[in-house]
Amino acid sequence: MSDIAIVGGGPAGAMCGERLARSGHKVTIYDEHLAWEKPCGGGLTHKAIRAYPFLLNGPHPKKLIRSVELISSKGHRALLALDQPIVIYSRTVLNGLLLDRAEAAGCRVVRSRVSQMDVSGERATMMIGDSRVQADFVVVAAGARNSLLPGTSPLARKDLEMTLGYFVPAQAEGISVKFLSRFEGYLWSFPRCDHLSVGICGSMSKHTSQELRRHLHAFMDSEKITREGARFYSHVLPSPQQQTLSSRRVVGRNWALVGDAAAWVDPITGEGLYYALRSGELLAESLIASKASEYPARIRRAFSTDLEFATRIARRFYSGHFLGGAVATRMIQFIERSPTFRALMADVFAGSQDYCSLKRRLWAQCGTTLTEVVGSLMKSQPAMAKNASAAGSENLQ
C-alpha cells in the first residue's frame, strides 16, 4: 500500500499518519475541524510520556501536575503526590502539535469532512464534498460517534459515556477528582496553562445530561469554582464493555479503526490519549510490514488484554462496597492512612501499574496496608477522644 487516507486528525490519526509518512507512504489526513478543543482533562500519564518523550520536552505550552486530590461522595479527601508528573495540554494545542509533526513528516493535511465511505472494492472510496476520492487503505480516527464504520457496528449506549464541562478562567496547581454515590463516572478539575478544565463523565445508559449537569454545578459550588466567564462544552466518549473490547472488529482488508473509534479507552479512569497514540502507532507498524491483519494481535499484546480486565472491575469500583462502605470511599480512606497503599494508587494514576497485576500486588501488600491503617486509627483515637471530651465539657457549660 502506498496511498493511505486517514479520516480524523486527532492524536490517533496524526500519530498514525506521521509514522506512515516517515516510512515512505503517501498519506492524506482529512478532518473538518483540525486542531479543536474537547471537554476532557487533556492529561498525559507517565506511561504516555515514557513512550512519547517529545510531549514533555517540547516547547509547546503545557502544565506539569505533581499532585492529585481524591474526594469521596461523603467528603473524605486524600492527596496523592506523584513521582512523575501528569502533563496536561489544551487539546487544541496537543492536536495542533501532533498534526504539525505529521505534516512535517510528509502528510498532506486537508480540512474537509468525509461524508461517505465504501470499502467493498479493491480500493476504499470516500465522498469528500462533491468529490469522490480513492485510497489503497483508509484509517478511521474520527471518534466514538462517527458514522463511518465499515465492517463493524456503532458503539451502543452501554459502551459510551457523556462528558459535560466548563473551561474556567482560573488557575490551580493540582488535579481534583470526586466520586459520587451509586454513580458510574466521576467529576474532575484539571488545571491547564491558562484555565481550568472542569467536568463530569458518566455512563450514557445510566445517567442523563440533566443529572450530570446538576452534579457538576454542585461540585463547582462546593469547590468554589465560579462559572462566571466559563465556556460550556459537551462530548461523547467510549467507555467499552468487555464483550465490545474482545469481539468488536477493528480491521478489514482495506480499512482499520484507531483511538476512540476503536473504543480504546480505560474503562475506569477514562484515559484515552495514550491508547489513541499507541493504537495509531501500532496500526502504522502493521501497515508498514504489509500485515494489516496483525493489528488486533499487536493491540492485545500492548494493552487491550489489560483494558478487558479493567472492565471486569470497573463496575465493582464505582458501585461495589468494601468493609461496609463504597469502594471509592474506602480507597480514599486507605490512601490517607497507609503509605504503602498510597504508593500503589500513585502508580495506578501514573499509568505505571497495570490492572492485570494490580490484584496480585494488592494481596501481597494487604497485611502491611491493614497494619498501617489500624495503626493510624489507633494514633488518632486519643486525639478524637480528647476533642470529644472537650466538646462535651463545652456543651455542659
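See the structure above.
Residues numbered from 1 in each chain as written. Predicted model: local features only at pLDDT ≥ 70, side-chain atom pairs only at ≥ 80, totals over all residues. Heavy atoms only, no water.

The next subject is the overall build of the protein. For the protein, the count of helices and strands is twelve helices and 18 strands. Counting only C-alpha atoms and orienting by the principal axes, one finds that the protein spans roughly 85 × 50 × 40 Å. Split into buried and exposed, the 397 residues of the protein put 54% on the buried side. In the protein, once contacts between residues fewer than 6 apart in sequence are set aside, the share between residues at least 24 apart is 69%. Accessible surface, the protein: about 18,100 Å² in total, of which carbon and sulfur atoms supply 51%. If the 49 positive side-chain charges of the protein are averaged to one point and the 35 negative ones to another, these points end up 4 Å apart. (Helix = DSSP H or I, 4+ residues; strand = E, 2+ residues; numbered from the N terminus. Buried < 20%, exposed > 50% of the residue type's maximum accessible area, 1.4 Å probe, protein only. Contact = heavy atoms within 4.5 Å. Areas by Shrake-Rupley, 256 points an atom, 1.4 Å probe, with all protein chains shown as cover. Lys, Arg positive; Asp, Glu negative; His and termini not counted. Charge placed at Lys NZ, Arg CZ, Asp CG, Glu CD.)

In this section: the pairing of strand 7 (residues 114–118). As defined by bridge partners, strand 7 adjoins strand 8 (residues 124–128) across four bridges and the pair is classed as antiparallel. The residue bridging Gln-116 from the neighbouring strand is Met-127, located in strand 8. As consecutive antiparallel partners, strand 7 and strand 8 are separated by five residues. (Pairing = 2+ DSSP bridges.)

Okay, the layout of surface pockets next. Estimates place the volume of the second largest pocket at around 370 Å³. Taken together, 23 residues make up the lining of the second largest pocket; nearest its centre are Glu-184, Ser-239, Gln-241, Ala-314 and Arg-315. When contributions to the lining of the second largest pocket are tallied by element, the ones reaching two or more residues are strand 11 (160–168), strand 13 (185–191), strand 14 (196–203) and helix 8 (295–319). Considering every element that reaches the lining of the second largest pocket, the biggest residue donor is helix 8, with four residues. (1 Å grid on protein atoms, 1.4 Å probe; cavity = no way out; pocket = protein on both sides within 12 Å on 5 of 7 lines; lining within 4 Å. Points joined across faces, edges and corners; volume = space filled by probe spheres on them.)

Tallied over the full model, the rule gives 13 aromatic pairs. Summarising the aromatic geometry, the rings of Trp-264 and Phe-303 are spaced 5.7 Å apart at their centres and angled 80° between planes, so their arrangement reads as edge-to-face. With a gap of 39 residues between them, Trp-264 in the loop between strand 16 (255–257) and helix 7 (273–288) and Phe-303 in helix 8 connect regions that are remote in the sequence. Here Trp-264 matches Phe-303 in class, with each residue buried. Arranged with centres 6.3 Å apart and planes meeting at 75°, the rings of Phe-322 and Phe-334 form a pair that is edge-to-face. A residue pair is termed long-range when its members are at least 10 positions apart, and Phe-322 in strand 17 (residues 321–322) and Phe-334 in helix 9 (residues 327–337) qualify at twelve residues. Phe-322 gets classed as partly exposed once you look at its relative accessible area, which sits at 43%. (Phe/Tyr/Trp six-rings, centres within 6.5 Å; stacked < 30°, edge-to-face > 60°.)

All right, on to the pattern of salt bridges then. Considering all chains together, one arrives at 19 salt bridges under this definition. Note that Lys-47 and Glu-271 form a salt bridge whose closest N and O atoms lie 4.0 Å from each other. A residue pair is termed long-range when its members are at least 10 positions apart, and Lys-47 in helix 2 (residues 46–51) and Glu-271 in the loop between strand 16 and helix 7 qualify at 224 residues. You can call Lys-47 buried: its relative accessible area is 13%. What makes Glu-271 buried here is its relative accessible area of 13%. Here Arg-123 makes a salt bridge to Asp-136, at a shortest N to O gap of 3.0 Å. With a gap of 13 residues between them, Arg-123 in the loop between strand 7 and strand 8 and Asp-136 in the loop between strand 9 (131–135) and strand 10 (137–140) connect regions that are remote in the sequence. A single network of salt bridges, built from pairs that share partners, joins Glu-18, Arg-19, Arg-22, Arg-101, Arg-278 and Glu-281. (Salt bridge = Lys/Arg side-chain N within 4 Å of Asp/Glu carboxyl O.)

In this section: the environment of Ser-181. Mapped onto the elements of the fold, Ser-181 is located in the loop between strand 12 (175–178) and strand 13. On a C-alpha basis, the gap between Ser-181 and Ser-73 in space is 5.6 Å, while along the polypeptide they are 108 residues apart.

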